[in-house]
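Okay, here's what each chain looks like letter by letter:
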Amino acid sequence: MSISLPDIVAAQQRIAHMVLRTPVIEDPTGTGLMLKAEYLQRTGSFKLRGAANRVIKAVEEGARHVVTGSSGNHGQAVAYVAQQLGIRATVVVPEDANPVKVRGMQQYGATVEFCGLTSNERLARAAEITRTEGAVFVPPYDDPFVMAGQGTAGLEMLAQAPAVQTVYVPIGGGGLISGVATAIKESNPQVRVVGVEPELANDTYLSRQQGAVVDIGASRTIADGLRTSHPGTLTFPIVQRYVDEIQLVSEAEIRRACRYLLLTMKQVVEPSGAVSVAAALRAGAGPAVALVSGGNLDLDAVAGVPAWEV
Ligand SMILES: *Cc1c(COP(=O)(O)O)cnc(C)c1O
């Protein structure tokens, strides 16, 4: 099941009251680089867009309880949307989940359930809750409503930066880039869409080389939102159709981009959000937009990182 521009336009209307139209911020030093600032989105990431589109639709169809299996930004987004709509949310997280993120979900009123260490254990438990409690499962990326919701960031960006030539987008499971690339290519095919992954989490890059979904297993990149081991079965064909190129960035380039965002742009961004900026900085000047996907920086996790010095 694919998506097209009308799905994204419909999503934009459906979620308008729940999401912020985040700003596009220019580099003051005149490089031509602009940031689509999704780290300023409610809940701290673009994930709110897809979660809102999926959960509002489910509630229209009678849902009173949603469940997901994500420990990160998607879990917080689902919790927030459920709270706004006055329904229950259960988020199944690993035993070693980050306490900061768990607290975030609880603050948005979600029931947090700890289960195992692997995503398979979590997804099995979430599926059980779906069956036994009649809840609706909200996937983090491989879902047409989630992809269309994420695509609304692309529509906004085209309106805000009409002269843009190249757009850089982080890739985890590929929900964000599927939506954004569909929005862009079906509005203005001249705009180049570049997907960006860490070298240490290059599953979509490898899948593209093979022409089929490849699973890379566990990853240790600092960009924890991009550690997905494989692209989705719905997202990958869209990446194949609409993404012009996938670039890889090193851990040192990600840290350098975080530093640039802090010191030059004065913005607080999480490493997953900075990979797009890392690729854009390497490419140099030109009217480019880097989609900066999240700002839920875990200070404890980066405090010990050696090369905030460069
Ligand atoms: C989830 C996430 C991504 C990756 O999005 P996908 O839809 O999985 O490709 C990128 N950055 C941040 C901050 C995220 O939370």
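Below or above, wherever it landed, is the structure these notes cover. (Residues numbered from 1 in each chain as written. Predicted model: local features only at pLDDT ≥ 70, side-chain atom pairs only at ≥ 80, totals over all residues. Heavy atoms only, no water.)

A word on the overall build of the protein
Stage number 1. In terms of regular secondary structure, the protein is built from 12 helices and 10 strands.
Stage number 2. In terms of overall dimensions, the protein has C-alpha extents of about 55 × 45 × 40 Å along its principal axes.
Stage number 3. Counting over 310 residues, the protein shows a buried share of 57%.
Stage number 4. Taking as baseline every contact in the protein between residues at least 6 positions apart, the subset at least 24 positions apart corresponds to 71%.
Stage number 5. As presented, the protein carries roughly 12,500 Å² of accessible surface, and 52% of it is formed by carbon and sulfur atoms. (Helix = DSSP H or I, 4+ residues; strand = E, 2+ residues; numbered from the N terminus. Buried < 20%, exposed > 50% of the residue type's maximum accessible area, 1.4 Å probe, protein only. Contact = heavy atoms within 4.5 Å. Areas by Shrake-Rupley, 256 points an atom, 1.4 Å probe, with all protein chains shown as cover.)

Digging into a nonpolar patch on the surface
Stage number 1. Taken together, the side chains of Leu262, Leu263 and Val268 define a hydrophobic patch exposed on the protein surface, amounting to about 260 Å² of accessible area.
Stage number 2. Position of Val268 among the secondary structure elements: in the loop between α10 (251–263) and α11 (271–283).
Stage number 3. Note on Val268: relative accessible area 48%, which makes it partly exposed. (Patch = residues over 30% accessible without salt bridge, like charges linked within 9 Å, V, L, I, M, F, W, Y side chains within 5 Å. Salt bridge = Lys/Arg side-chain N within 4 Å of Asp/Glu carboxyl O.)

Overview of the site of the ligand
Stage number 1. Close contacts around the ligand come from 15 residues, with Lys47, Asn73, Gly172, Gly174 and Ser293 the closest.
Stage number 2. Backbone polar atom of Gly175 to an oxygen atom of the ligand: 3.0 Å apart, as the coordinates give it.
Stage number 3. In isolation the ligand offers 380 Å² of accessible surface; the protein chains occlude 97% of this area.
Stage number 4. Counted by class, the shell around the ligand contains four nonpolar, nine polar and two charged residues. (Near = heavy atom within 4 Å. Polar contact = N/O pair within 3.5 Å; in protein donor to acceptor, adjacent residues only side chain to side chain. Nonpolar A, V, L, I, M, F, W, Y, C, P; charged D, E, K, R; others polar.)

Quick look at the pairing of strand β7 (residues 166–170)
Stage number 1. Most of β7 sits inside the fold, with five of its five residues counted as buried.
Stage number 2. Burial of the side chains of β7 extends over both faces: Thr166, Tyr168 and Pro170 are buried on one face and Val167 and Val169 on the other.
Stage number 3. Where β7 meets strand β8 (residues 192–198), five bridges bridge the pair, whose relative direction is parallel. Across the sheet, Val167 pairs through a bridge with Val193, a residue of β8.
Stage number 4. This β-α-β element, β7 to helix α7 (residues 175–185) to β8, shows right-handed connectivity.
Stage number 5. As paired strands, β7 and strand β10 (residues 288–292) are joined by three bridges and run parallel to one another. Following the sheet pairing, Val167 is matched in β10 by Val289. (Pairing = 2+ DSSP bridges. Right-handed = clockwise from strand over helix to strand, strands pointing away.)

Some remarks on the packing of helix α1 (residues 5–15) against helix α6 (residues 144–160)
Pairs of packed helices are described in terms of their axes, by the angle between the two and the distance that separates them.
Stage number 1. For the pair α1 and α6, interaxial distance at closest approach is 8 Å and the crossing angle is 85 degrees. Of the possible angle classes, the one that applies to α1 and α6 is roughly perpendicular. Residues Leu5, Asp7, Ile8, Val9, Ala11, Gln12, Arg14 and Ile15 of α1 form the contact with α6, whose participating residues are Phe145, Ala148, Gly149, Gly151, Thr152, Leu155 and Glu156.
Stage number 2. A per-class count over the contact of α1 with α6 returns eight nonpolar, four polar and three charged. (Axes fitted to C-alpha atoms, helices over the stretch in contact; angles between N-to-C directions. Parallel < 35°, antiparallel > 145°, perpendicular 65-115°, else oblique.)

What to know about the sheet that holds strand β5 (residues 111–114)
Stage number 1. Strand order in the open sheet formed by four strands is β5-β4-β3-β6, with parallel pairing between adjacent strands. Either end of the sheet is taken by a strand with one partner, and the two such strands are β5 and β6 (136–137).
Stage number 2. The sheet contact formed by strand β3 (residues 65–68) and strand β4 (residues 88–93) spans four bridges and is parallel. Following the sheet pairing, His65 is matched in β4 by Arg88.

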